[in-house]
Amino acid sequence: MNELLGKLYKAVELGKADKKSPYPPQLKGEDGAYEITTKALESEISPKDILELALIPAMDTVGKKFSENKIYVPHMLMSARAMGAAMLQLKPFFASGEIKTKGTFIIGTVKGDLHDIGKNLIAMTVEGCGWSVVDLGVDVPSERYIEAAKSNPGAVVALSALLTTTMVNMGEIVANIKAVLPDTFIFIGGAPVNDDFCKKIGADAFSSDPQGVVERLNKIAS
Ligand code: B12
């Protein structure tokens, strides 16, 4: 692998966003994902290669380590932050169409629920894997999911809930979305949710972690 791409892969894997970031300690004072991406673009490595040969494989490794309990939430968030720092510079190339996204992923925490750490983790990982993400935030009612799905035809919709009292709202939201847009693929997740519940409410997929989401989305995109 090209040296800069190798460095970028490591920066994202280890969660080094930029030079001034003190994390991880072993990379203190060294370039982070932001600076390395600048250098890669300056040395005419294509944005597509930066994304596909360094950023996505690094987030893939991070996702696998997370699902194997080899790393934990703080590390995952640092890696996602490093990925975000690099993506800032790649954004114009998505806008110009030079890089194609794999699809659109709409995510929100369901109405009544304000927990967003897991939802953000999913959103950042999915974005890191080349999808365009529409983040609706927290306390999201059916109408807002439907509005976003109508504006992004073919998008996957994802619902997060962390409370036993709000997971029940997922059933109502899934039914409302399917009533208007029956072909919408709906993902659900969050600590109290499981596969049985997913089937019961007529959602299309459940995952307990970001890696499961990415693997399923890759199948949808292929
Ligand atoms: C942080 C936290 C809060 C913070 C939230 C801050 C924030 N910005 O999110 C604050 C303090 C605001 C809060 C408030 C409340 N909380 Co709270 N909170 C938690 C806590 C400690 C951590 C949750 C968390 O972020 N986990 C880390 C993330 C990474 O995990 P995760 O969300 O599960 O996400 C993972 C998966 O579930 C999955 N996932 C998540 N979303 C999605 C979506 C999709 C589509 C997919 C595929 C996957 C997926 O992927 C993620 C990564 O693996 C939990 C306890 C715990 N240890 O879990 C309690 C907890 C969830 N809270 C609880 C409660 C009761 C409350 C309150 C009602 C407390 C109160 N009396 O006011 C309020 C509710 C406010 C509201 N209306 O939402 C209870 C819920 C109990 C229950 N069975 O319903 C818990 C379990 C604590 C407890 N043991 O009692 N809380």
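Bear in mind that the values here come from a model prediction, so they are computed numbers and not experimental data.

Draft legend 1. Molecular detail of the overall build of the protein chain. Scanning the protein chain from terminus to terminus reveals nine helices and five strands. Reading the protein chain from its N terminus to its C terminus gives the helix and strand order α-α-α-α-β-α-β-α-β-α-β-α-β-α. Counting only residues that meet the buried cut, the protein chain has 43% of its 222 residues in that class. Taking as baseline every contact in the protein chain between residues at least 6 positions apart, the subset at least 24 positions apart corresponds to 73%.

Draft legend 2. Quick look at the nonpolar core. By size, the foremost hydrophobic cluster in this structure holds 66 residues, and its most contacted members are L8, V12, A33, L55, M83 and A86. If you count residues domain by domain, this core takes at least three from each of domain 1 (3-95) and domain 2 (104-221).

Draft legend 3. Fine view of the site of the ligand. As a structural note, the neighbourhood of the ligand is formed by 29 residues, with L114, I117, G118, S160 and G189 the closest of them. Elements with a contribution of two residues or more to the shell around the ligand: helix 5 (117-128), strand 3 (156-160), helix 7 (164-180), strand 4 (186-189) and helix 9 (210-221). Ranked by residues supplied to the shell around the ligand, first place goes to helix 5 with five residues. Across the shell around the ligand, the residue classes tally to 15 nonpolar, ten polar and four charged.

Rules of the game
- Residues numbered from 1 in each chain as written.
- Predicted model: local features only at pLDDT ≥ 70, side-chain atom pairs only at ≥ 80, totals over all residues.
- Helix = DSSP H or I, 4+ residues; strand = E, 2+ residues; numbered from the N terminus.
- Buried ≥ 20, exposed ≤ 12 C-beta atoms within 10 Å, placed from the backbone.
- Contact = placed C-beta atoms within 7 Å.
- Core = buried A, V, L, I, M, F, W, Y, C linked by C-beta atoms within 7 Å.
- Domains from an automatic or database assignment.
- Near = placed C-beta within 6 Å.
- Nonpolar A, V, L, I, M, F, W, Y, C, P; charged D, E, K, R; others polar.

Purely geometric stuff here, so don't read any function into it on its own.
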